[in-house]
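Chain and residue survey
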Amino acid sequence: MPAEPVLDLTPETGLRHLWRALADVAGGCRMWRLGCTLGWLDIKLRYRGSILGPLWLTLSTAVMVAAIGSVYGALFHMDLHHYLPFLSISLVLWGYVSGIAGDGCQVFTRAASLIQAARLPFTVHAIRSVVRNTLILLHNLAVIIVVFAIFRLMPAHLLAEIPVLALWAVDSLALSLALGVLGTRFRDIPPIVASVVQIAFFVTPIMWEPGLILAGRQYMLLNPFYPLFEILRGPVMGEVPRLSVWIAAGGYSILLWVITLLLFSRLRSRLAYWV
């Protein structure tokens, strides 16, 4: 394929733009070390001069787990031996999801100077966002470890989490690309996404367990966050997710990538002029 022009104003039809988008994703994945380095530098610069650094997020997560766990455990008459580990995993994972969604809306606008200075695959900037939020997630894992240690629990089926973690990683990349494109083109996207994430927090089994829903539980699969959380949280808690949950998680992931590639292939050539 000939070299891609700097400015491409031809009608965006056919498969040419799709192939270029796929080449951008592949090129960004080949430059994953650069994305990781940029994400690591973001964390260092964000918390430069702070005593605890990103551990402040860990402390806030621990306080939230203790506060919500004691209140909701008493309200719903739940056994804290089971509920607090469930809540700690849920809140830590949700913090990662909300971080990916929030950063994804500005993944290209925040890197405007770098995009205008160097011609890199746009996927590198999405990888940068994923790495940045993954590092924060790793800090917050201390909350889960402490909770499990307090109740003397051992996480189960950890080997089964490897493909699930890979699925979360590729979905995070797709979500960052999709929201990055939309957030660059439409500057109203960040507050809209923030509102959607806030609503999703209450309708997704984060603070409450799925077992509390008796009538209409099958409709929970219509919430795309539920199956993705369940396939990662369930095995750690010693529960085996239903086959329908696995199918729904895979289906939502495929749908997310289809939407991402359609948006990215159509609008990618104009991103440098929108940032």
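Here's a quick rundown of the structure. (Residues numbered from 1 in each chain as written. Predicted model: local features only at pLDDT ≥ 70, side-chain atom pairs only at ≥ 80, totals over all residues. Heavy atoms only, no water.)

Comments concerning the nonpolar core
Counting residues in each nonpolar core, the largest one holds 46 residues, and the members touching the most others are Leu87 and Trp168. Sorting the residues of this core by element identifies helix H3 (55–75), helix H4 (80–104), helix H6 (122–150), helix H7 (161–185), helix H8 (189–203), helix H9 (225–236) and helix H10 (243–267) as the ones contributing at least two each. Discounting chain neighbours no more than four positions away, the residues touching tryptophan 168 are Leu93, Tyr96, Val97, Leu228, Phe229 and Leu232. Core analysis: the next-biggest nonpolar cluster, separate from the first, contains 23 residues, Ala21, Ala174, Leu267 and Leu271 among them. (Core = buried A, V, L, I, M, F, W, Y, C linked by side-chain atoms within 4.5 Å. Buried < 20%, exposed > 50% of the residue type's maximum accessible area, 1.4 Å probe, protein only. Helix = DSSP H or I, 4+ residues; strand = E, 2+ residues; numbered from the N terminus. Contact = heavy atoms within 4.5 Å.)

Re the environment of alanine 142
Mapped onto the elements, alanine 142 comes out in helix H6. For alanine 142, a relative accessible area of 33% translates into the label partly exposed. Note: C-alpha distance between alanine 142 and tyrosine 252 (110 residues apart in sequence) is 29 Å.

Some remarks on helix H2 (residues 32–46)
With 15 residues, H2 should reach 21 Å at 1.5 Å per residue; the first-to-last C-alpha distance of 21 Å fits that figure. Turning to H2, its buried residues are Gly35, Leu38, Gly39, Asp42 and Ile43. Buried residues in H2, looked at end-on, bunch into an arc of 140°, giving them a common side. Exposed residues on H2 whose side chains face more than 90 degrees from its buried face are Arg33 and Leu45. Packed against the buried residues of H2 are helix H5 (112–117) and H6. (Expected span 1.5 Å × (residues − 1). Arc of directions from axis to C-beta.)

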